[in-house]
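Descriptive structure summary
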Amino acid sequence: WYVVRDDIDIFNTMGWRQITPSFNGSIWTFATPTPLVNGPAVNAWVSDTAPSPGTRNTLLTQPDGHLRVVVSTTDLGGGLTRYEYAVVNHDFDRQIGTFSIPTGGATLSDLYFHDIDRDAGSDWTATQDASAITWTKPANAEGLDWGTLYNFGFTATTPPRKGFAAMAAVAPGSPSQLAASTLVPDVEGLLFRNDFE
């Protein structure tokens, strides 16, 4: 990703390609069997132009930067669905300090959070109430800063439907709360907006 001051399209200065590492006993080589594709690498996981069923890739464009929420769901059988979210801060300067998914009180298991370091003290903690699960950064840790991706997940006893993820900015500014269309557990009684793709 080439960071260009006042770039009007940050996504044409970033790209990804597959690499195949190989070690011959003394030296590593890295073959590149695919061409360079414009856009963020997370698009290799879930396309932003041709999503498959059970996935969604949503870009939020704010006056002070871009955020992306990507979800992939997997039917595990037996009434269980795995939800995996990637939240990417492309260049949103105010950072993100919470990430929340509405659950309507659905039973969740196998919760996880992954960041970019091995410091357990900077791991976000998950709390669940009757309406949502929310991951929150520790008080003494940085938020989700630009150029960074964090991963969140859980298994639920309900299949997915359209809904909104909520995020809170760390630094002051407007808006302080952001919403991204995504897939969430389908629980009767939840209120959803269905006017998005």
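Calculation notes
Residues numbered from 1 in each chain as written. Predicted model: local features only at pLDDT ≥ 70, side-chain atom pairs only at ≥ 80, totals over all residues. Heavy atoms only, no water. Helix = DSSP H or I, 4+ residues; strand = E, 2+ residues; numbered from the N terminus. Rg over C-alpha atoms; globule rule 2.2 N^0.38 Å. Buried < 20%, exposed > 50% of the residue type's maximum accessible area, 1.4 Å probe, protein only. Lys, Arg positive; Asp, Glu negative; His and termini not counted. Charge placed at Lys NZ, Arg CZ, Asp CG, Glu CD. Pairing = 2+ DSSP bridges. Phe/Tyr/Trp six-rings, centres within 6.5 Å; stacked < 30°, edge-to-face > 60°. Salt bridge = Lys/Arg side-chain N within 4 Å of Asp/Glu carboxyl O. pLDDT = per-residue confidence, 0-100. Contact = heavy atoms within 4.5 Å.

Observations regarding the overall build of the chain
- A tally of helices and strands in the chain yields 0 helices and 14 strands.
- When the elements of the chain are put in sequence order from the N terminus, they spell out β-β-β-β-β-β-β-β-β-β-β-β-β-β.
- Taken against the 2.2 N^0.38 rule, which gives 16 Å for 197 residues, the C-alpha radius of gyration of the chain at 18 Å falls within 12% of a compact globule.
- Across its three principal directions, the C-alpha atoms of the chain cover 55 × 45 × 40 Å.
- For the chain, with 197 residues in total, the buried portion stands at 42%.
- The chain carries 11 positive and 21 negative side-chain charges, and their two centres are separated by 3 Å.

A few points about the pairing of strand E14 (residues 177-185)
- In terms of burial, E14 is largely enclosed, as 7 of its 9 residues are buried.
- Examined bridge by bridge, strand E13 (residues 160-169) and E14 share 9 bridges and lie antiparallel to one another. The residue bridging Arg161 from the neighbouring strand is Val184, located in E14.

A word on the packing of aromatic side chains
- One pass over the full model with this rule turns up 15 aromatic pairs.
- Among the aromatic residues, ring-to-ring pairing joins Tyr83, Tyr85, Phe99, Phe113, Trp124, Trp135, Tyr150, Phe152 and Phe154 into one connected group.

Some words on unusual backbone geometry
- The amide bond that connects Ser174 to the next residue, Pro175, takes the cis arrangement and shows omega of 0°.
- Tracing the backbone shows Pro175 in the loop between E13 and E14.
- Here the phi dihedral of Asp6 falls at roughly 60°; this positive angle occurs in a residue that is not glycine.
- Within the secondary structure, Asp6 is located in the segment before strand E1 (15-16).
- Among the residues examined, Asp6 registers a relative accessible area of 67% and is labelled exposed.
- One non-glycine residue, Gln95, adopts positive backbone phi at about 60°.
- Within the secondary structure, Gln95 sits in the loop between strand E7 (80-89) and strand E8 (96-102).

A look at the pattern of salt bridges
- Taken as a whole, this structure holds 4 salt bridges when the rule is applied.
- Salt-bridge contacts for Asp6 lead to Arg5; the nearest nitrogen and oxygen are separated by 3.8 Å. Considered together, Asp6 and Arg5 belong to a single accessibility category, that of exposed residues.
- We note a salt bridge from Asp48 to Arg68, for which the minimum N-O separation is 3.7 Å. Linking Asp48 in the loop between strand E4 (37-38) and strand E5 (55-62) with Arg68 in strand E6 (residues 65-77), this pair joins segments that are 20 residues apart in sequence.

Focus: the confidence of the model for the chain
- In the predicted model, the chain carries a mean pLDDT of 90, and 95% of its residues have values of at least 70.
- The model gives residues 189-197 a pLDDT under 50, and that stretch makes 20 contacts with residues more than four places away or in other chains.

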